[in-house]
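Geometric and topological summary
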Amino acid sequence: MFELNNILRENIKNLTPYSSARDEYTGEASVFLDANENAYGSPLETAYNRYPDPLQYQVKLKLSQIKGVPPRNIFLGNGSDEAIDILFRSFCNPGVDNVIIVPPTYGMYQVSANINDVEARKVLLTEEYQLDLEGIAEAIDKNTKLIFICSPNNPTGNSINRDDIETLLANFNGIVVIDEAYINFSRQKTFIQELTEYANLVVLQTLSKAWGLAGLRVGMAFASEEIIEVMNKVKPPYNVNEASQQLALQALNNVSLVNLWIKETLEQRDQLVLALKNFDFVLDIYPSDANFILVKTTNAKAIYDFLVQNGIIIRDRSKVELCEGCLRITIGTPDENKTLLSTLQQYK
Ligand SMILES: *Cc1c(COP(=O)(O)O)cnc(C)c1O
């Protein structure tokens with residue numbers, strides 16, 4: 001049985017969180033001389049002289065309408081990378097506990113594990129880029145706290161079988177983190193709706209990809225109220241700045257434009273796949289549920305270098321296990337994709 005208290009670090013269980021100036025009074029007030037801010041304003045058109053809402057309530061309220069989950073089940077971070085780090089700091093004792101990652105996958109899980117001095121046990125995906133459930137079961141021991149599943153997966157682009165993820169959720173006594181950074185491009189359903197079903201589920205999403213706000217650094221975690229409380233306790237008090245909160249709120253009121261771009265991206269992806277299949281150096285293009293494609297080629301390094309010389313940057317993933325010969329290409333605008341194709345015509 002999953003018990004949050006069994007996997008929480010002792011120091012976090014006993015932590016008294018930082019109490020901000022604004023936390024310490026109740027009632028109405030109009031004069032704020034409690035936080036050593038500049039009372040006069042900011043040397044800018046918009047005033048940012050006051051500290052932001054530590055719990056980002058307005059943004060969460062809007063997200064709650066869009067995602068269909070109460071604000072108390074939402075954590076906001078300085079990118080979802082911050083949420084990943086906070087999960088390590090909340091649940092993994094450095095030098096003692098371990099997590100499971102399933103490469104080839106997003107690189108931050110390993111980096112965050114290393115920063116926190118936590119062992120990341122690797123259980124490779126199968127040849128079809130799906131979970132090796134037996135291998136995962138063998139790798140789990142009493143100190144395994146987190147399993148990271150990225151779906152749709154970066155860099156392979158495919159979604160992970162839903163039944164396999166549910167098997168993990170039902171049987172693992174630690175937390176299953178499902179990173180849905182690319183869910184807006186996918187035909188698969190989000191796992192957010194399963195939060196009521198599984199107490200050990202954390203779903204990560206971000207405004208950095210489909211929402212077009214990578215520069216603002218706003219990431220989300222959806223989980224039980226208890227897990228969200230822990231994450232809020234561990235996070236830096238003002239982890240999402242006021243400008244990002246205001247702009248995120250504005251953007252979240254403009255869903256229709258984002259949906260238009262998603263549709264266009266998927267059309268462009270299909271066209272790009274068809275066009276790329278005509279090149280001799282393209283051996284395979286993997287099915288994608290994301291805004292990028294993984295392309296197996298005869299000579300990844302040479303193609304990558306040739307594109308760089310022509311001012312086009314893609315991602316060389318050929319050194320990654322199970323991605324030998326592979327390049328990862330983000331879907332661009334129609335013009336950018338045309339430029340990519342016409343440049344590749346000149347590759348020989
Ligand atoms: C891009 C990406 C992220 C990064 O999210 P931020 O919110 O920008 O930190 C997280 N997970 C995956 C799988 C990604 O590809």
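Definitions and cut-offs
Residues numbered from 1 in each chain as written. Predicted model: local features only at pLDDT ≥ 70, side-chain atom pairs only at ≥ 80, totals over all residues. Heavy atoms only, no water. Buried < 20%, exposed > 50% of the residue type's maximum accessible area, 1.4 Å probe, protein only. Helix = DSSP H or I, 4+ residues; strand = E, 2+ residues; numbered from the N terminus. Arc of directions from axis to C-beta. Near = heavy atom within 4 Å. Polar contact = N/O pair within 3.5 Å; in protein donor to acceptor, adjacent residues only side chain to side chain. Areas by Shrake-Rupley, 256 points an atom, 1.4 Å probe, with all protein chains shown as cover. Nonpolar A, V, L, I, M, F, W, Y, C, P; charged D, E, K, R; others polar. Contact = heavy atoms within 4.5 Å. Patch = residues over 30% accessible without salt bridge, like charges linked within 9 Å, V, L, I, M, F, W, Y side chains within 5 Å. Salt bridge = Lys/Arg side-chain N within 4 Å of Asp/Glu carboxyl O. Pairing = 2+ DSSP bridges. Axes fitted to C-alpha atoms, helices over the stretch in contact; angles between N-to-C directions. Parallel < 35°, antiparallel > 145°, perpendicular 65-115°, else oblique. Left-handed = near helix turned anticlockwise from the far one by under 90°. Lys, Arg positive; Asp, Glu negative; His and termini not counted. Charge placed at Lys NZ, Arg CZ, Asp CG, Glu CD. Domains from an automatic or database assignment. Buried area = accessible area lost by both parts, 1.4 Å probe.

1. Observations regarding helix α7 (residues 162-171)
- When we look at burial in α7, the residues that qualify are Arg162, Asp164, Ile165, Leu168 and Leu169. Take α7 and look down its axis: the buried residues cluster within an arc of 165°, on one side only. When the buried face of α7 is taken as reference, the exposed residues oriented beyond 90 degrees from it are Asp163, Ala170 and Asn171.

2. Considerations on the site of the ligand
- Ser80, Tyr182, Thr206, Ser208 and Lys209 are the nearest of the 13 residues found near the ligand.
- Here an oxygen atom of the ligand and a backbone polar atom of Asp81 are 3.1 Å apart.
- In the environment of the ligand, an oxygen atom lies 2.7 Å from a nitrogen or oxygen atom belonging to the side chain of Tyr182.
- Within the complex, the protein chains bury 94% of what would otherwise be the 390 Å² of accessible surface of the ligand.
- Looking at the shell around the ligand, its residues break down into four nonpolar, five polar and four charged.

3. As for the side chain of Ser80
- Assignment of secondary structure puts Ser80 in helix α4 (residues 80-91).
- By relative accessible area, which is 10% here, Ser80 ends up buried.
- For Ser80, the residues in contact, after removing those within four places along its chain, are Gln205, Thr206 and Gly219.

4. What to know about a nonpolar patch on the surface
- A contiguous nonpolar patch, built from Leu257, Leu260 and Trp261 and spanning about 310 Å² of accessible area, is present on the exposed surface.
- If you trace the backbone, Trp261 turns up in helix α10 (residues 255-276).
- The class for Trp261 is partly exposed, based on a relative accessible area of 45%.

5. With respect to the sheet that holds strand β11 (residues 326-330)
- Pairing is antiparallel across the open sheet formed by four strands, whose spatial order is β8-β9-β11-β10. Of all the strands in the sheet, the pair left with one neighbour each is β8 (282-285) and β10 (315-316).
- Both β8 and strand β9 (residues 292-297) contribute to a ladder of three bridges, which runs antiparallel. The partner of Ile285 across the bridge, within β9, is Val295.
- Seen against the sheet, α10 touches β8, β9 and β11 and runs at an angle of roughly 10° to β9.

6. Observations regarding the packing of α4 against helix α5 (residues 108-115)
- Between α4 and α5, the least distance of the axes is 10 Å, while the angle of their chain directions is 45°. With respect to each other, α4 and α5 are oriented oblique. Considering only the axes of α4 and α5, their crossing is right-handed. In this structure, α4 contributes Asp81, Ile84, Asp85 and Phe88 to the contact, and α5 contributes Met108, Tyr109, Ser112 and Ala113.
- Along the lines of polarity and charge, the residues of the contact of α4 with α5 split into five nonpolar, one polar and two charged.

7. A look at a negative patch on the surface
- A cluster of like negative charges, contributed by Glu127, Glu128, Glu321 and Glu324, occupies part of the molecular surface.
- When you line up the elements, Glu321 lands in the loop between β10 and β11.
- Residue classification places Glu321 among the partly exposed residues on the basis of a relative accessible area of 47%.

8. Concerning the environment of Asn153
- Its location among the elements puts Asn153 in the loop between β4 (144-150) and α7.
- Separated by 23 residues in the primary sequence, Asn153 and Gln130 place their C-alpha atoms 9.6 Å from one another.

9. Quick notes on the sheet that holds strand β2 (residues 98-101)
- Spatially, β1-β7-β6-β5-β4-β2-β3 is the arrangement adopted by the seven strands of the open sheet, whose pairing is mixed. Each end of this open sheet is capped by a strand with a single partner; those strands are β1 (74-77) and β3 (119-122). Each adjacent strand pair in this sheet contributes to an overall mean axis angle of 25°, direction not counted.
- Packed on one face of the sheet, α4 meets β1, β2, β4, β5 (175-179), β6 (201-206) and β7 (219-222) and runs near 160° to β4.
- Packed on one face of the sheet, α5 meets β2, β3, β4 and β5 and runs near 145° to β3.

10. Quick word on the domain arrangement of the protein
- If you check the domain split of the protein, you get domain 1 (4-17 + 54-253) and domain 2 (256-344).
- Of the residues lining the interface, 23 residues belong to domain 1; the matching set on domain 2 comes to 19 residues.
- Of the roughly 1,700 Å² buried between domain 1 and domain 2 on both sides combined, carbon and sulfur atoms contribute 62%.
- Three residues stand out in domain 1 for area buried against domain 2, namely Tyr129, Pro155 and Phe185, and they jointly supply 36% of the buried area on that side.
- Residue Arg187 is joined to Asp289 by a salt bridge in which the shortest nitrogen-to-oxygen separation is 2.8 Å.

11. A short note on the packing of α4 against helix α8 (residues 225-234)
- Two numbers describe how α4 lies on α8: the axes approach to 10 Å, and their chain directions differ by 95°. One finds that α4 runs roughly perpendicular with respect to α8. Of the residues in α8, those touching α4 at Ala83, Ile86, Leu87, Arg89, Ser90 and Phe91 are Val230, Met231 and Val234.
- Here the residues of the contact of α4 with α8 are counted per class, giving seven nonpolar, one polar and one charged.

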